[in-house]
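Coordinate analysis (summary)
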Amino acid sequence: MNSILSDRINNMEESATLAMAKKARELKSQGVDIISLSLGEPDFKTPEHIQQAAKDAIDEGKWFAYPPVAGYNDLREAIAKKLRDKNHIAEAKAENIVLSTGAKHSIANIFMCLLNEGDEVVIFSPYWVSYAEIIKLAGGVPVLIEGNLENNFKASAKQLEAAMTDKTKAVIYSSPCNPTGSVFSKEELEAIAGVVKKKDDVMVVADEIYELINFSGAHSSIASFDGMFDRTITVNGFSKGYAMTGWRVGYICAPLEIAKACEKMQGQFTSGGNTIAQRAALVAINGNHGPSEKMAEAYLKRRELVLGYLREIPGLETHVPEGAFYFFPKVTSFFGKSAGKHTIENADDLCIYLLEEANVSLVTGGAFGAPQCVRLSYAASEAELTEALKRIKEALAKLK
């Protein structure tokens, strides 16, 4: 019997980060002492004042009806004000903001609204795992431009210009970047903007979800540059900087035509996002940012801890990430080596080996467009990181 499932779902790749996390959970459920460094999941609890805002909203007893599809207006106003004040996006207004069920949902809305069959989207690679699959689902064609270890995994404006064609509809990047932790400087983004402005009807999708976890000293939003607001869709949310992953609140700031299109799309698929989560998000963005700053300080401390261990492991090559909470070491020196039943032909093999031999879960770089690397999340406690890196070092030393 032929599969009843659509070609659409059969052709879609499973999220590698979620797949690896699932394997780790399965082993944990069997009693195996797994340390999971695979998910981009802050190990901090949502700050108390944000939790309290949700409790207060429930107790008020008036936030139980369907919300507006684009989100409550007071939250949209607060986000727009933040974008004007902090990101220097002077044109941002509430009408440009659409709240969604996480930033991933926002990105899906964007490409479902922008792309026709065969339209191309240039992706700065390494890239977050879902970009390419969402683009393909929307009928688009991903076109990768690749950064490498030598340039901190940041593809250049020159590469972008060479990759753009008459079919190019959009460009997407993340900064700080998942999976590399790299941060585009203002000068680098200005160069990218200069290339985009040479082409009519090409949009930039700027994924800034890790904005608050930035060690470079400055965050630049490409939408703030002259002539770029009408060419940019800024994606952000509350999951990483506020430790609100499970609350599922993401948003876009987009030119009005695109914002209204995303609202229309969302109205047919999910309608508005969770009401109580939105009330908590309002307090998060307007309230005390001290906890977010302390989390960023803790991530920086962990970065230094992990960097020290990685530099002690022969065969690993790494850069120093400027934001987010990932390392993305190059592991090609282990390809062709073996230990026991394992032969390492690629990064996928290495991740399986480390899961089974060291009981540590990482994610293959192939899922992010860089099959020569693996991604390690340091959104874990210092004790877990210390033990995980010890295990990784011992396991890798067995490969001959």
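Criteria and thresholds
- Residues numbered from 1 in each chain as written.
- Predicted model: local features only at pLDDT ≥ 70, side-chain atom pairs only at ≥ 80, totals over all residues.
- Heavy atoms only, no water.
- Helix = DSSP H or I, 4+ residues; strand = E, 2+ residues; numbered from the N terminus.
- Buried < 20%, exposed > 50% of the residue type's maximum accessible area, 1.4 Å probe, protein only.
- Polar contact = N/O pair within 3.5 Å; in protein donor to acceptor, adjacent residues only side chain to side chain.
- Contact = heavy atoms within 4.5 Å.
- Phe/Tyr/Trp six-rings, centres within 6.5 Å; stacked < 30°, edge-to-face > 60°.
- Lys NZ or Arg CZ within 6 Å of the ring centre and 35° of its normal.
- Patch = residues over 30% accessible without salt bridge, like charges linked within 9 Å, V, L, I, M, F, W, Y side chains within 5 Å.
- Areas by Shrake-Rupley, 256 points an atom, 1.4 Å probe, with all protein chains shown as cover.
- Salt bridge = Lys/Arg side-chain N within 4 Å of Asp/Glu carboxyl O.
- Disulfide = S-S within 2.5 Å.
- Expected span 1.5 Å × (residues − 1).
- Arc of directions from axis to C-beta.

Some details on the side chain of T245
Locating T245 in the fold gives a position in the loop between strand 7 (232-237) and strand 8 (250-253). Classification of T245 as buried rests on a relative accessible area of 17%. Among the polar contacts listed, one links the side chain of T245 to the side chain of E41, at a separation of 2.5 Å. If we skip the residues at most four places from it in the chain, T245 touches G40, E41, P42 and S239.

Brief notes about unusual backbone geometry
In this model, S125 is joined to P126 through a cis peptide bond whose omega is 5 degrees. Its place among the elements puts P126 in the loop between strand 3 (120-125) and helix 6 (130-137). In this structure, the amide linkage connecting S175 to the following residue, P176, adopts the cis form with an omega of -10 degrees. Of note in the backbone geometry, H88 takes a positive phi value of approximately 60 degrees without being a glycine. Secondary-structure assignment places H88 in the loop between helix 4 (73-85) and strand 2 (97-100). In this model, S271 sits at a positive phi of 60 degrees, which is unusual for a non-glycine residue. The topology assignment puts S271 in the loop between helix 9 (256-269) and helix 10 (275-286).

Topic: the packing of aromatic side chains
Throughout the structure, instances matching the rule amount to 15 aromatic pairs. Ring centres 5.4 Å apart and planes at 85 degrees place the aromatic pair F44 and Y299 in the edge-to-face group. Residue F44 is found in the loop between strand 1 (35-36) and helix 3 (48-60), and its partner Y299 is found in helix 11 (residues 290-310); the two are separated by 255 residues along the sequence. F44 sits in the partly exposed class, given a relative accessible area of 26%. Ring centres of F327 and Y378 lie 5.5 Å apart, and the angle between their planes is 50 degrees; on these two criteria the pair is classed as tilted. Highlighted residues: F327 in strand 9 (residues 326-327) and Y378 in the loop between strand 14 (374-377) and helix 13 (382-397), separated in sequence by 51 residues. Look at F327 and you get buried, because its relative accessible area is 0%. A residue is classified by how much of its surface remains accessible, and Y378, at 0% relative accessible area, is buried. Through a chain of ring-to-ring contacts, the aromatic side chains of F44, Y210, Y299, F325 and Y326 assemble into a single cluster. Against the face of Y72 rests R279, its NZ or CZ located 5.2 Å from the ring centre.

Details of a nonpolar patch on the surface
A cluster of nonpolar residues, I4, L5, I9, M12 and L137, forms a patch on the protein surface that exposes about 480 Å² of accessible area. Among the structural elements, I4 can be located in the segment before helix 1 (7-10).

With respect to the state of the cysteines
Scanning all chains against the criterion turns up 0 disulfides. Here C253 stays unpaired: no disulfide links it, and the sulfur of C262, its closest cysteine neighbor, is 12 Å away. Owing to a relative accessible area of 1%, C253 belongs among the buried residues under this scheme.

Description of the pattern of salt bridges
Taken as a whole, this structure holds 16 salt bridges when the rule is applied. Among the salt bridges present, the one from D85 reaches K81, with a minimum N-O distance of 2.6 Å. Here D85 pairs with K81, and both are found in helix 4, just 4 residues apart, close to one helical turn. Given the relative accessible area of 43%, D85 is considered partly exposed. Exposure remark for K81: the relative accessible area of 46% places this residue in the partly exposed category. For K199, the salt bridge identified is with D166, shortest N-O distance 3.7 Å. Taken as a pair, K199 in the loop between helix 8 (186-196) and strand 6 (203-207) and D166 in the loop between helix 7 (157-163) and strand 5 (168-174) lie far apart in primary sequence, 33 residues in all. Judged by relative accessible area, K199 falls into the partly exposed class, the value being 25%. Using a relative accessible area of 79% as the deciding quantity, one classes D166 as exposed. A single salt-bridge network, built from bridges that share partners, covers D33, E387 and R391.

What about helix 3?
Helix length check: helix 3, at 13 residues, gives a terminal C-alpha distance of 18 Å against a target of 18 Å (1.5 Å per residue), a fit within 8%. Taken residue by residue, helix 3 has I50, A53, A54 and A57 as its buried positions. Looking straight down helix 3, one finds that the buried residues subtend no more than 95 degrees of arc, so they occupy a single side. Residues of helix 3 that are exposed and angled more than 90 degrees away from the buried face: E48 and D59. Of the residues trailing helix 3, G61 is marked for its positive phi of about 75 degrees.

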